[in-house]
Amino acid sequence: DKGNHRHFMQKEIYEQPVVVAQTLSSYLRTLEAKVALPDMEFDLGSVERVAIVACGTASYVGAIGKYWLEQMARVPVEVDVASEFRYREPVLGPNTLGLVISQSGETADTLAALRHMKSEGVTTAGIINVPTSSMAREVDLLLPTHAGPEIGVASTKAFTCQLAVMAALAANIARAKGKLSDADEAVLVKHLAEVPAAMNAALAHDAEIEGMAHTIAGARDVLYLGRGPDYPLALEGALKLKEISYIHAEGYAAGEMKHGPIALIDESVPVIVIAPSGPLFDKTVSNMQEVQARGGKVVLISDSEGLAQAGEGALATIEMPKVHPLIAPLVYAVPVQLLAYHVAVVKGTDVDQPRNLAKSVTVE
Ligand code: M6R
């Protein structure tokens, strides 16, 4: 049931503050300022490497998780799209944790990758939304997301709930390895607990984003730029736009622009820049200015501080609440999803059932 919403995708975007809070509530003990995971039979402190395997949107959760795990827990992380994983004959040493991420828990390539890891003796965990799925049954440690059924083919609420679990997993591994002090853990719990309210603040910009959709809908190509954990979010933004609006879109690490893609820039190419203020902000802004100097039309998504510093000259700006860089990908996902959604509505596509796509891809 879509309720008051025109599409399931819209409904699912709007459900995020509630379902992310639901998911977080089973991974945070806010009163004690602790993160927590379900009971498990192995010691997270012995994890020396993490191999993450997933497809599509779930693979971008893995890519964001790599930044978090490496920063917090200081363990090396590899991220593969599942269709490539088995065939590159990955080296899976002892003390590797194999992590699959999947909304459906049935994606054929991810399931095959999970079975491959198990056959190599790797301990596995899964961030999975459908609790009765094949993957949920087969992983050693199930880390459920509590997003509820996701109907829209374009994944939205599953993505942000997966990120919430990923952050909790990274913190738990960091703590088990002695890399996270009680004080740092408390700060992290506080920031994570702020996510639902920050998502609500992001949703309040819906009408504004709808207003810009007409301009973007006329474009043939759109680029998304981000740095650090917001780089995989740029990839996610581009995927979301292409799958439901059929506009060609690419995500790039902001610093890569000058190594090729900047050649594409002219007045007809909108560039969506995802840049929360923080340590990477100035670098991203200088990449953005390179785009503007070539006539590129920038939509800057940042907070009040960032927009005051760099919003001038942008075609449009979207103001996010000021959040800690760690949780920015969860909050900045909202405008990125809304933009794709409204562009698709302007274009009149079948938002919930885009052409050529299936909700669950059960062939390899
Ligand atoms: O069910 P899964 O999370 O394993 O699905 C993975 C991808 O097929 C999925 O995320 C796909 O990329 C979505 N259509 C993205 O919106």
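Residues numbered from 1 in each chain as written. Predicted model: local features only at pLDDT ≥ 70, side-chain atom pairs only at ≥ 80, totals over all residues. Heavy atoms only, no water.

- The protein appears in an unreviewed UniProt entry as Glutamine--fructose-6-phosphate aminotransferase [isomerizing] from Sphingomonas tabacisoli.
- Entered under Subcellular location (unreviewed entry) in the UniProt record, the comment concerning the protein runs "Cytoplasm".
- Under the UniProt heading Function (unreviewed entry), the note attached to the protein is "Catalyzes the first step in hexosamine metabolism, converting fructose-6P into glucosamine-6P using glutamine as a nitrogen source." (UniProt positions renumbered as here; feature names shortened; annotations may be inferred.)

With respect to the packing of aromatic side chains
Then, number 1: Per the counting criterion, the structure on display carries 0 aromatic pairs.
Then, number 2: Above the ring of Tyr 246, the side-chain terminus of Arg 355 is found at 3.8 Å from the ring centroid. (Phe/Tyr/Trp six-rings, centres within 6.5 Å; stacked < 30°, edge-to-face > 60°. Lys NZ or Arg CZ within 6 Å of the ring centre and 35° of its normal.)

Quick word on the packing of helix α1 (residues 8–25) against helix α6 (residues 157–176)
Then, number 1: Across the interface, α1 lies against α6 with an axial gap of 9 Å and an inter-helix angle of 25°. Considering their axes alone, α1 and α6 lie roughly parallel with respect to each other. Relative to α6, α1 is oriented so that their crossing is right-handed. Seen from α1, the contacting residues are Glu 12, Glu 15, Gln 16, Val 19, Val 20, Thr 23 and Leu 24; seen from α6, they are Lys 157, Thr 160, Cys 161, Ala 164 and Val 165. (Axes fitted to C-alpha atoms, helices over the stretch in contact; angles between N-to-C directions. Helix = DSSP H or I, 4+ residues; strand = E, 2+ residues; numbered from the N terminus. Parallel < 35°, antiparallel > 145°, perpendicular 65-115°, else oblique. Left-handed = near helix turned anticlockwise from the far one by under 90°. Contact = heavy atoms within 4.5 Å.)

Section: α1
Then, number 1: The first and last C-alpha atoms of α1 sit 24 Å apart over 18 residues, in line with the 26 Å expected at 1.5 Å per residue.
Then, number 2: Approximately 50° is the largest bend angle found in α1, and it occurs at Gln 16, with the proline Pro 17 only one to four residues beyond.
Then, number 3: Those residues of α1 that sit buried are Phe 8, Met 9, Gln 10, Glu 12, Ile 13, Glu 15, Gln 16, Pro 17, Val 19, Val 20, Thr 23 and Leu 24. (Expected span 1.5 Å × (residues − 1). Bend = angle between axes of the 7 residues up to and from the residue. Buried < 20%, exposed > 50% of the residue type's maximum accessible area, 1.4 Å probe, protein only.)

Points about the pairing of strand β5 (residues 96–102)
Then, number 1: Most of β5 is tucked away: 7 of the 7 residues are buried.
Then, number 2: Because side chains alternate across β5, one face comprises the buried residues Thr 96, Gly 98, Val 100 and Ser 102, and the other comprises Leu 97, Leu 99 and Ile 101, equally buried.
Then, number 3: Bridge analysis of strand β3 (residues 49–54) against β5 gives 6 bridges, and the strand direction is parallel. Across the sheet, Ile 52 pairs through a bridge with Leu 99, a residue of β5.
Then, number 4: Across 6 bridges, β5 lies against strand β6 (residues 123–128) in parallel orientation. Considered in β6, the bridge of Gly 98 is made with Thr 124.
Then, number 5: Following the backbone out of β5, through helix α4 (residues 108–119) and into the adjacent parallel β6, one traces a crossover that is right-handed. (Pairing = 2+ DSSP bridges. Right-handed = clockwise from strand over helix to strand, strands pointing away.)

Structural notes on the site of the ligand
Then, number 1: Ser 102, Gln 103, Ser 104, Thr 107 and Glu 243 are the nearest of the 14 residues found near the ligand.
Then, number 2: Residue Ser 104 places a side-chain N or O atom 2.7 Å away from an oxygen atom belonging to the ligand.
Then, number 3: At 2.8 Å from an oxygen atom of the ligand is found a main-chain nitrogen or oxygen belonging to Ser 155.
Then, number 4: Surface burial for the ligand is 91%, taken as the share of its 420 Å² of free accessible area covered by protein chains.
Then, number 5: Elements with a minimum of two residues in the shell around the ligand: α2 (56–73) and α10 (230–245).
Then, number 6: Looking at the shell around the ligand, its residues break down into 5 nonpolar, 7 polar and 2 charged. (Near = heavy atom within 4 Å. Polar contact = N/O pair within 3.5 Å; in protein donor to acceptor, adjacent residues only side chain to side chain. Areas by Shrake-Rupley, 256 points an atom, 1.4 Å probe, with all protein chains shown as cover. Nonpolar A, V, L, I, M, F, W, Y, C, P; charged D, E, K, R; others polar.)

Focus: the side chain of Gln 337
Then, number 1: In this fold, Gln 337 is placed in helix α13 (residues 328–347).
Then, number 2: Residue classification places Gln 337 among the buried residues on the basis of a relative accessible area of 1%.
Then, number 3: Once residues within four sequence positions are removed from consideration, Gln 337 is found in contact with Met 9, Ile 13, Gln 16, Thr 156, Phe 159 and Thr 160.

Focus on the side chain of Gln 16
Then, number 1: Relative to the elements of secondary structure, Gln 16 occurs in helix α1.
Then, number 2: A polar contact is formed between the side chain of Gln 16 and the side chain of Gln 337, at a distance of 2.7 Å.
Then, number 3: Beyond its immediate stretch of four places on either side in the chain, Gln 16 contacts Ala 21, Thr 156, Lys 157, Thr 160, Met 199, Val 334 and Gln 337.

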